[in-house]
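Close look at the chain arrangement
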Amino acid sequence: MNILSVCLALIEDKAEQDKFEALYYQYRGLMYYCAQKLLHDEHLAEDAVSIAFLQVAQNMDKVDEVMSASTKRLMVTIVERKAMTLYQRQQREYNRTVDMDEVICEATSLGTEENALMDAILQLPLIYQQVILLKYSRGYSSKEIAAILDYTVAQVDQLLSRGRRRLKKLLEAV
Amino acid sequence: MRFTEKQLCQAARRADEKLLSQLSDETSYQEYVFSETFEQKMKWLIQQMRVKNIKQKKVFLGWQYYIRNGVAVILLCFFLTCITIPNVVQAGYYKLIEVIETVLTEYTRYQYHSTEQTDELFIPVTFGYLPEGMKEITYRETETSVHTIYRNQYQYFRLEQRIFRHIDGMTYIIDTEDTTIETVCIGTEKIQLIKKNGVYSYVWLHEKYHIKGQSNLSIEEIIKILETITIE
């Protein structure tokens, strides 16, 4: 529970400490699973989880109830973001160029026109999908998204803009 | 295919739900046991964290944000400048007028012209009335002018009379800063009386003569003296 101790030190409020502890026990397994799915490396996945919990500790004001669906998605989003960062760093170390824009979370075929927009969102590279879901599904502001995902506000705005453009392109291809 | 913000929000929520449903099997996640290496790494991390005073992470706006906002501010300033320049010019114009008026008010220039320009002989003024105790202490006369001063213990009256002869006009600059100016009429002629620091200066175009002077007498006394002047 060492990581837990570190993170608890960041949370002054007792209630928030309890909440963070609950989050840790509730979601550490899920977060590891998500990180492992992207990284295919146990050690890197563990690193991603630990860094992600530090990020959570720094953003406790943006976390809802422990057992809520939005919190679950938030925890996954954060760990996926950290996993992406680690993946990118690892690729650089091996002198391999990697375009993180192309890391796609789930391959989903486009369905009916009614579901086209949803499917297009699911087909987006993870880097765009995350900011679009945080913004349009969960209603976070650019500043909040920047804090959650460790971007600058300008980067978040740029990703949102590019993400919308990509969605249009995907929809035009239907 | 175009989409609105509302459609995007709806689609994003559904996409979020779909992604969430794919994470439903939570029991398998709990089975994982974190490695010893991981735990040791965390111990080292804890020590590092304890040594450092860790603060909540700040959000940075990013250089793009500052550049974008900077450009926006510059454009806004340019736009406002374009709008306000005519007003500025107008304001400057009014300011210029104000300055000119101030200069004119503070240093009023009186320019006199006389149609009575003549080659007649100069005749000095004769006083019909002078306050009690006033005696002549200075008198200088030329072919075209006279300069005289009367005074008693505390008061004085100075007069300078000049005939318009070989000049077609006369400019007389009076410092009118902090002054009050009164105009009184004697017959059809106007006399300017400028008061400053309790002293009156007067200017009077009387027939073919230009009469000016100074006095610390009251305005009533000055007018009375000037009214009783004769040139014969």
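Before any of the text, the structure's been laid out above.
Structure report, in brief. (Residues numbered from 1 in each chain as written. Chains lettered and ligands numbered in written order. Predicted model: local features only at pLDDT ≥ 70, side-chain atom pairs only at ≥ 80, totals over all residues. Heavy atoms only, no water.)

1. Digging into a positive patch on the surface
Heads up, the condition is: Surface patches are defined over residues having more than 30% relative accessible area and no salt bridge, joining like charges when they lie within 9 Å and nonpolar side chains (Val, Leu, Ile, Met, Phe, Trp, Tyr) when within 5 Å. Residue-level accessible areas treat just the shown protein chains as cover; the underlying method is Shrake-Rupley with a 1.4 Å probe. Salt bridges are counted wherever a side-chain nitrogen of Lys or Arg sits within 4 Å of a carboxyl oxygen of Asp or Glu. The convention is simple: Lys and Arg are positive, Asp and Glu are negative, and His and the chain ends are not counted. For this purpose, a charge sits on NZ of Lys, CZ of Arg, CG of Asp or CD of Glu. The helix and strand labels rest on DSSP assignments: H or I over at least four residues marks a helix, E over at least two residues marks a strand, and numbering proceeds from the N terminus. Summary of the burial criterion: residues with accessible area below 20% of their type's maximum are buried, those above 50% are exposed, and those between are partly exposed, where the area comes from a 1.4 Å probe applied to protein chains only.
Taken together, the side chains of A:Arg162, A:Arg165, A:Lys168, A:Lys169 and B:Arg2 define a basic patch exposed on the protein surface. Within the secondary structure layout, A:Arg162 lies in helix α8 (residues 153-172). Overall, A:Arg162 belongs to the partly exposed group, its relative accessible area being 35%.

2. Some points on helix α6 (residues 126-137) of chain A
Side chains that are three or four residues apart share a direction in an α-helix, a result of its 3.6 residues per turn. Summarising burial for α6(A): eleven of the twelve residues are buried, a large majority. Every buried residue belonging to α6(A) is among A:Leu126, A:Ile127, A:Tyr128, A:Gln129, A:Gln130, A:Val131, A:Ile132, A:Leu133, A:Leu134, A:Tyr136 and A:Ser137, and all of these are buried.

3. Concerning unusual backbone geometry
It is generally the case that most residues other than glycine have a negative phi and that most peptide bonds are trans. One non-glycine residue, A:Asp150, lies in the positive phi region at around 65°. Within the secondary structure, A:Asp150 sits in the loop between α7 (142-149) and α8. We classify A:Asp150 as partly exposed; its relative accessible area is 31%. Positive phi, normally seen in glycine, also occurs at B:Asn197, with a value near 55°. By the element assignment, B:Asn197 lies in the loop between β7 (189-196) and β8 (199-206). In this structure B:Asn197 comes out as exposed when scored by relative accessible area, which is 74%.

4. What about the sheet that holds strand β3 (residues 145-151) of chain B?
Residues and elements named next belong to chain B. Here is the rule: Think of it this way: DSSP has to see at least two bridges between two strands before they count as a pair. Only the stretch in contact is used when a helix axis is fitted, and all axes are lines through C-alpha atoms; the angle between N-to-C directions ranges over 0 to 180 degrees.
Spatially, the seven strands line up as an open sheet ordered β2-β3-β4-β9-β8-β7-β6, and their pairing is antiparallel. Bordering the open sheet on either side are β2 (135-141) and β6 (180-186), each of which pairs with just one other strand. Here the strands of the sheet are splayed against their neighbours by 15° on average, with no regard to which way each runs. Pairing of β6 with β7, which is carried by seven bridges, proceeds in the antiparallel orientation.

5. Things to note about a nonpolar patch on the surface
All names here are of chain B. Among the surface-exposed residues, Trp-63, Ile-67, Val-71 and Leu-75 lie close enough to one another that they form a single nonpolar patch of about 440 Å² accessible area. Within the secondary structure, Val-71 sits in helix α4 (residues 63-106). When its relative accessible area of 41% is taken as the criterion, Val-71 is described as partly exposed.

6. Considerations on the pattern of salt bridges
In the structure shown here, the tally under the stated rule is five salt bridges over all chains. Between B:Asp16 and A:Arg138 there is a salt bridge, with its nearest N and O atoms 2.9 Å apart. Remark: A:Arg138 occurs in the loop between α6 and α7 and B:Asp16 occurs in helix α1 (residues 5-21); the pair is interchain, linking two chains. A relative accessible area of 7% means that B:Asp16 is categorised as buried. For A:Arg138, a relative accessible area of 17% corresponds to the buried category. Two residues, B:Glu160 and B:Arg162, come together in a salt bridge whose shortest N-O distance is 3.4 Å. For B:Glu160, a relative accessible area of 17% translates into the label buried. Here B:Arg162 falls in the partly exposed class, since its relative accessible area comes to 32%. When salt bridges with common partners are traced through the structure, they connect A:Arg73, A:Arg138 and B:Asp16 into a single cluster.

7. Remarks on the environment of A:Ile132
Note the threshold: Pairs of residues are marked as contacts when any of their non-hydrogen atoms sit within 4.5 Å.
Position of A:Ile132 relative to the elements: it lies in helix α6. Residue class for A:Ile132 comes out buried when judged on its relative accessible area of 0%. Note: C-alpha distance between A:Ile132 and A:Ile121 (eleven residues apart in sequence) is 8.1 Å. Residues within four places of A:Ile132 in sequence aside, it is in contact with A:Leu124, A:Ser137, A:Leu160, A:Gly163, A:Arg164, A:Leu167 and B:Ala12.

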